[in-house]
Each structure stands twice: as C-alpha cells, then as structure tokens.
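What follows is each chain in one-letter form.
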Amino acid sequence: MPAPLMLPPGWSQRPLTTADAGAVASLVAAGELHDTGEVVIEEADLVAEWARPSFDLGASSVGVVGPRGDLVAYAEVSIADRGDLAVLPEHRGRGLEAQLARWLRERAGEVGSDVVGLPVPQGSSTDRELEALGWAVRWTSWVLALPEGAEIPARDLPPGYAVRQARSDEHEACWQVIEDAFLEWSARERRSLEDWSATVMGRPGFEPWHLRVVVDPAGAVVAACIVMLSTPDAVTEGYVDAVATRRDQRGRGIAQALLADAFAAARAHGAARSTLTTDSRTGALGLYQKLGMEVVLVWVNRATATVRRTDGSRA
C-alpha cells in the first residue's frame, strides 16, 4: 500500500467503503461549485463506478477525516492510469493536494501503470497545485451543452436504418460498439462487459430508454448512445455519457442522428438542457458544435509518472 499521508494532529486517513458515496459526492460537489460555479457529480456516479466487479474500493481509495470526524478529502485510482482527488475548498492550501497526489502515484504504480492522471477544472487551485508538482496536461476536455429551449436539429439516417431504445438482448452489442470506438484513441485495457454493465444498467436510476441505438436494415447495432437524466443542481438535464458509431459506418450522419434522438428523449423525460463531455483525443468537438452545442466548461487531465521503489519495484 502507499505510504501513510502526513496529516496534521487530530486528522486521520482510512480506506473508503460504499457507505461513503454520499459524503464523497458532497465534498466533490463543493469543490466543483467553488471552481466552476456548477455541480456535475452525483452520488449515483460513484455508486455505479464502485460497483464494478474489477474494482477494489478498499485497496484503491483513501479518505481524509478531519478533526470533527467528517470526510474532508479523498483520492482513488479507479483504473490503472486514472485517478481522482478532491479536497473541500476550506481545507485547501494545507498540503493535502500534494499528499493525495503522491498517494495516487504510488497506488497507480502498485497496480502496474507507468503513468497516472486525473481531471481537474482548468485554472482551479488543484490544477495549479498539480502543475507546480510537475504534473503535465495530457489532454483538454470540454463540457458542452445544448441550451434550454434550443431547437433540436433534425438529422436523417441512411435508408433502412432506424434509431430507437436498445432491447435487453442488444446490451452486449452496445458494449462492443462503444468499447471498440473508445479504444481507438484511449490507451487503456478493454472494459469487461460486467464492469460496463455495472456503470450503465446497474447505475441507480437506470431506465431502458437511457440506452439508444441505431440499427441497420438487417437489425444489427451500428451505433449506441448512453443518455441519462441528471439533477446535480436541482435542474434536470440530459447527460450523454457515451456515443459511438461502428468504424465501417462512419461519415454517414449516424452519430448526429443518434445524438439528436438522445437530446429529444431527454427533453421528453423532463430535461431542460442536454450536456456531454469530449476531449482533444477524439477530434469530435466540431461534430457537437454542428448540433448547436456550446462549450460551458473546460477541464484538463494532468498526469505524471508513477513512483517506483529504489530496488526497481513499483511503489
């Protein structure tokens, strides 16, 4: 395990448990509101991610408990090279970010990664802290929104193709299309069907209409989209978690038609606006802007090498 954090007197650390999902969501939300003016995180996000069969929450997380017994900071390595950390705004500037960044480097090294990165709002205090520690920007991410009341553009599909809610017997095909597309530009291991299912169908609040597909004339899934309702700021919005088109079907307007369908489905279920996130690895920013989406937030993924012991083994 990583070396213990060096904390002030009266502070302590412990591994997280699933019972901490609400407390972690609250401290992350406080940081997001402070840094960006908006809240993105929901407790359901953590519940779903922590439920992945491959994820060992106890070994891959650390919580910092303040002198009043409340959780004031945390860090986790969710996959080999992906980490997250958050510190309540009122407790920043005490070196906690640096301590948690070191913990992430050591834990990511333990699970076999040469690098670890995490997303932070561009220009935030955590972004500046990581920059000072030598963490470099791997890529830039943009949160885009289709504003409330904006017209949802009409997009036609090729003849014989149809867009609709996915059937339960098409879930594996959706996983295949999404994973194949994301692995073209994302340097990570393939997510298992079980892990993917835990974050989609197993996410609290999942409804069948959240998973959308485009099928060809033979009924094969050629594109898939995950859209869910989110209410982090007490305003319902549709969040597109993933959209992907099979490689041999691209350039035919399928992704745009699928997104337009997802926006319409979210609006029909009460969403005031729709949002999604893309990054500079995908080259998809222009696609979303053509649909009338606007950039509302900018994040960066900062990364650094993991730590190794002096005997050559990983920390």
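The notes below deal with the structure included here. (Residues numbered from 1 in each chain as written. Predicted model: local features only at pLDDT ≥ 70, side-chain atom pairs only at ≥ 80, totals over all residues. Heavy atoms only, no water.)

Details of the overall build of the protein chain
So, step 1. Scanning the protein chain for helices and strands turns up eight helices and twelve strands.
So, step 2. The C-alpha atoms of the protein chain give a radius of gyration of 20 Å, which matches the 20 Å a tight globule of 315 residues would have.
So, step 3. With respect to the principal axes defined by its C-alpha atoms, the protein chain has extents near 65 × 40 × 35 Å.
So, step 4. Looking at the protein chain residue by residue over its 315 residues, the buried ones come to 49%.
So, step 5. Working note: accessible area of the protein chain is about 13,900 Å², and carbon and sulfur atoms make up 51% of it.
So, step 6. Across the protein chain, 31 positive and 43 negative side-chain charges occur, with their mean positions spaced 4 Å apart. (Helix = DSSP H or I, 4+ residues; strand = E, 2+ residues; numbered from the N terminus. Rg over C-alpha atoms; globule rule 2.2 N^0.38 Å. Buried < 20%, exposed > 50% of the residue type's maximum accessible area, 1.4 Å probe, protein only. Areas by Shrake-Rupley, 256 points an atom, 1.4 Å probe, with all protein chains shown as cover. Lys, Arg positive; Asp, Glu negative; His and termini not counted. Charge placed at Lys NZ, Arg CZ, Asp CG, Glu CD.)

Examining the environment of alanine 284
So, step 1. With respect to the helices, strands and loops of the structure, alanine 284 is situated in the loop between strand S11 (273–279) and helix H8 (285–290).
So, step 2. Sequence-wise, alanine 284 and isoleucine 79 are 205 residues apart; in three dimensions their C-alpha atoms are separated by 24 Å.

Considering the nonpolar core
So, step 1. Within the largest apolar cluster, 40 residues are counted, with the highest numbers of intra-cluster contacts made by Val24, Trp50, Val64 and Leu100.
So, step 2. For this core, the secondary structure elements donating two or more residues are helix H1 (21–36), helix H2 (43–50), strand S2 (61–65), strand S3 (71–79), strand S4 (82–87), helix H3 (96–110) and strand S5 (115–121).
So, step 3. Setting aside residues no more than four positions away along its own chain, tryptophan 50 makes contact with Leu16, Thr17, Thr18, Asp20, Ala21, Val24, Phe55, Leu57 and Glu76.
So, step 4. Among the nonpolar cores identified, the runner-up in size contains 26 residues, and Cys225, Ala262, Leu276 and Leu291 belong to it. (Core = buried A, V, L, I, M, F, W, Y, C linked by side-chain atoms within 4.5 Å. Contact = heavy atoms within 4.5 Å.)

Comments concerning the pairing of S11
So, step 1. Burial of S11 is extensive: five of the seven residues sit out of reach of the surface.
So, step 2. As paired strands, strand S10 (residues 237–245) and S11 are joined by four bridges and run parallel to one another. If you follow glutamate 237 over to S11, its bridge partner there is arginine 273.
So, step 3. Handedness of the crossover joining S10 and S11 through helix H7 (residues 254–268) is recorded here as right-handed. (Pairing = 2+ DSSP bridges. Right-handed = clockwise from strand over helix to strand, strands pointing away.)

Digging into H7
So, step 1. An ideal rise of 1.5 Å per residue puts 21 Å on 15 residues; H7 measures up with 21 Å between its terminal C-alpha atoms.
So, step 2. The set of residues buried in H7 consists of Ile254, Ala255, Gln256, Ala257, Leu258, Leu259, Ala260, Asp261, Ala262, Phe263, Ala265 and Ala266.
So, step 3. Glycine 270 occupies a position one or two residues after H7 and carries a positive phi of about 105°. (Expected span 1.5 Å × (residues − 1).)

Thoughts on the packing of aromatic side chains
So, step 1. Considering all chains together, one arrives at one aromatic pair under this definition.
So, step 2. Between phenylalanine 182 and tryptophan 185, the aromatic rings sit 5.3 Å apart at their centres with planes inclined by 40°, giving tilted as the arrangement.
So, step 3. Residue class for phenylalanine 182 comes out partly exposed when judged on its relative accessible area of 22%.
So, step 4. For tryptophan 185, a relative accessible area of 28% corresponds to the partly exposed category.
So, step 5. Taking NZ or CZ as reference, arginine 281 lies 3.4 Å from the ring centre of tryptophan 139, over its face. (Phe/Tyr/Trp six-rings, centres within 6.5 Å; stacked < 30°, edge-to-face > 60°. Lys NZ or Arg CZ within 6 Å of the ring centre and 35° of its normal.)

Remarks on the state of the cysteines
So, step 1. According to the stated counting rule, one finds zero disulfides in the structure shown.
So, step 2. In this model cysteine 174 remains outside any disulfide bridge; the closest cysteine sulfur is found in cysteine 225, 9.9 Å from its own.
So, step 3. Residue cysteine 225 is classed as buried on the basis of its relative accessible area, which comes to 0%. (Disulfide = S-S within 2.5 Å.)

What to know about the environment of glycine 292
So, step 1. Following the sequence through the fold, glycine 292 ends up in the loop between H8 and strand S12 (294–305).
So, step 2. Taking C-alpha positions, glycine 292 is 8.3 Å from glutamate 151, a pair spaced 141 residues apart along the chain.
So, step 3. With sequence-adjacent residues up to four places away left out, glycine 292 is seen in contact with Ala145, Leu146 and Pro147.

A short note on H3
So, step 1. Taking 1.5 Å per residue as the helical rise, H3 with its 15 residues ought to reach 21 Å, and the 21 Å between its terminal C-alpha atoms agrees with that figure.
So, step 2. When we look at burial in H3, the residues that qualify are Leu96, Glu97, Gln99, Leu100, Ala101, Trp103, Leu104, Glu106, Arg107, Ala108 and Gly109.
So, step 3. Of the surrounding secondary structure, the elements contacted by the buried residues of H3 are S2, S3, S4, S5 and helix H4 (125–132).
So, step 4. Just downstream of H3, glycine 112 is the residue with a positive phi angle, here 100°.

Structural notes on the side chain of serine 141
So, step 1. Residue position: serine 141 is located in strand S6 (residues 136–146).
So, step 2. For serine 141, a relative accessible area of 12% translates into the label buried.
So, step 3. For serine 141, the contacting residues outside a window of four places in its chain are Thr277, Thr278, Asp279, Leu297, Val298 and Trp299.

Observations regarding the pattern of salt bridges
So, step 1. Evaluation of the coordinates by the stated rule reveals 24 salt bridges.
So, step 2. Between arginine 203 and aspartate 45 there is a salt bridge; the shortest N-O distance is 2.5 Å. Of the two residues, arginine 203 is situated in the loop between helix H6 (193–199) and strand S8 (211–215) and aspartate 45 in helix H2; the sequence distance between them amounts to 158 residues.
So, step 3. The class for arginine 203 is buried, based on a relative accessible area of 9%.
So, step 4. Here glutamate 170 and arginine 164 are joined by a salt bridge, their closest N and O atoms 2.7 Å apart.
So, step 5. What makes glutamate 170 buried here is its relative accessible area of 4%. (Salt bridge = Lys/Arg side-chain N within 4 Å of Asp/Glu carboxyl O.)

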